[in-house]
Structures are given as C-alpha cells and as structure tokens.
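# Fold and contact review
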Amino acid sequence: IVAVVEHACSVSSDIMPQFSIATNGYRMGTIVSRKTLEYLVSHDVRFQFSLDGYPEIHDRHRRTDCGRPTYVAVEMLSTGCWSWIMNITGTSHLR
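Let me begin by describing the structure that accompanies this report. (Residues numbered from 1 in each chain as written. Predicted model: local features only at pLDDT ≥ 70, side-chain atom pairs only at ≥ 80, totals over all residues. Heavy atoms only, no water.)

### Topic: helix 3 (residues 34-42)
Among all positions in helix 3, only Leu37, Tyr39 and Leu40 are buried. Down the axis of helix 3, the sector holding all buried residues measures 160°, keeping them to one side. Seen from the buried face of helix 3, the exposed residues on the opposite side, beyond 90 degrees, are Lys35 and Ser42. A positive backbone phi angle near 60° is found at aspartate 44, which sits one or two residues after helix 3. (Buried < 20%, exposed > 50% of the residue type's maximum accessible area, 1.4 Å probe, protein only. Helix = DSSP H or I, 4+ residues; strand = E, 2+ residues; numbered from the N terminus. Arc of directions from axis to C-beta.)

Structure representation (structure tokens):
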C-alpha cells in the first residue's frame with residue numbers, strides 16, 4: 001500500500017492523488033503496523049469499514065480466528081478511534 005501511495009505521489013506533481021481502502025477492519029491491528037497506519041493517515045488515505053448490520057448479526061458472521069466477535073472493534077475504527085486497534089489476542093500495534 002505504501003509503495004503505491006509513494007509512486008502515485010512521485011509521478012503526480014500538480015495533483016495530489018486520493019486513495020481509499022475498503023475493509024472489514026477487524027484485522028487492522030494485526031496486518032497494519034503503527035508506522036504504516038500513520039503514513040497512510042498522513043497522506044490522507046481514507047478508510048471505509050463495513051459492518052454487517054446490528055451487532056448480533058455482524059458478530060454472527062464476522063468472528064476472529066479465535067471465535068470472538070468483532071463489531072465493537074470495527075465500530076470504534078469507523079469513528080476514528082485508531083488507538084484502539086487491537087487484535088483478538090489483546091496485543092496492539094498502535095499503543
């Protein structure tokens with residue numbers, strides 16, 4: 001992702017490219033490091049998080065590998081609460 005943003009910014013001197021990422025969000029803390037996330041945010045990359053309806057519906061279909069629900073984590077991400085990105089084991093790359 002960073003390489004794509006860097007390349008687009010390097011070839012476009014007159015226009016700042018815009019980027020967006022659509023994700024279910026619940027693995028953000030395990031696949032995106034704090035450094036990468038800060039880079040993306042600093043380059044105005046927009047994030048779109050998907051929720052599958054009410055919590056009980058979402059959590060029925062969107063569980064972690066450990067079987068835990070993900071609705072609350074995704075909802076917090078969608079409201080801009082980046083410091084809360086955490087995988088289900090309790091570790092966090094963004095603290």
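### Things to note about the environment of valine 2
Among the structural elements, valine 2 can be located in helix 1 (residues 2-11). Judged by relative accessible area, which is 23%, valine 2 ranks as partly exposed. Between the alpha carbons of valine 2 and leucine 40 there is a distance of 7.2 Å; along the sequence they are 38 residues apart. Not counting the four nearest positions on each side in its chain, valine 2 is found in contact with Thr36 and Tyr39. (Contact = heavy atoms within 4.5 Å.)

### Quick word on the packing of helix 1 against helix 3
Interhelical geometry of helix 1 versus helix 3 gives an angle of 30° and a closest axis separation of 10 Å. If you check the angle between helix 1 and helix 3, you find them roughly parallel. Considering how the two elements wind past one another, helix 1 and helix 3 form a crossing that is left-handed. Contacts between helix 1 and helix 3 pair Val2, Val5 and Glu6 from the former with Thr36, Tyr39 and Leu40 from the latter. Looking at side-chain class alone, the contact of helix 1 with helix 3 contains 4 nonpolar, 1 polar and 1 charged residues. (Axes fitted to C-alpha atoms, helices over the stretch in contact; angles between N-to-C directions. Parallel < 35°, antiparallel > 145°, perpendicular 65-115°, else oblique. Left-handed = near helix turned anticlockwise from the far one by under 90°. Nonpolar A, V, L, I, M, F, W, Y, C, P; charged D, E, K, R; others polar.)

### Describing the environment of glutamate 6
By secondary structure assignment, the location of glutamate 6 is in helix 1. Glutamate 6 gets classed as partly exposed once you look at its relative accessible area, which sits at 45%. Along the sequence, glutamate 6 and histidine 43 sit 37 residues apart, while their C-alpha atoms lie 9.4 Å from each other.

### Points about the pattern of salt bridges
Going through the model one piece at a time under the given rule, you end up with 2 salt bridges. Note that arginine 46 is salt-bridged to aspartate 44, the shortest N-O span being 3.2 Å. For arginine 46, a relative accessible area of 51% puts it in the exposed group. As a salt-bridge pair, aspartate 52 and arginine 62 come within 2.7 Å of each other at their nearest N and O atoms. Of this pair, aspartate 52 sits in the loop between strand 2 (46-49) and helix 4 (55-61) while arginine 62 sits in the loop between helix 4 and helix 5 (71-78), placing them 10 residues apart in sequence. (Salt bridge = Lys/Arg side-chain N within 4 Å of Asp/Glu carboxyl O.)

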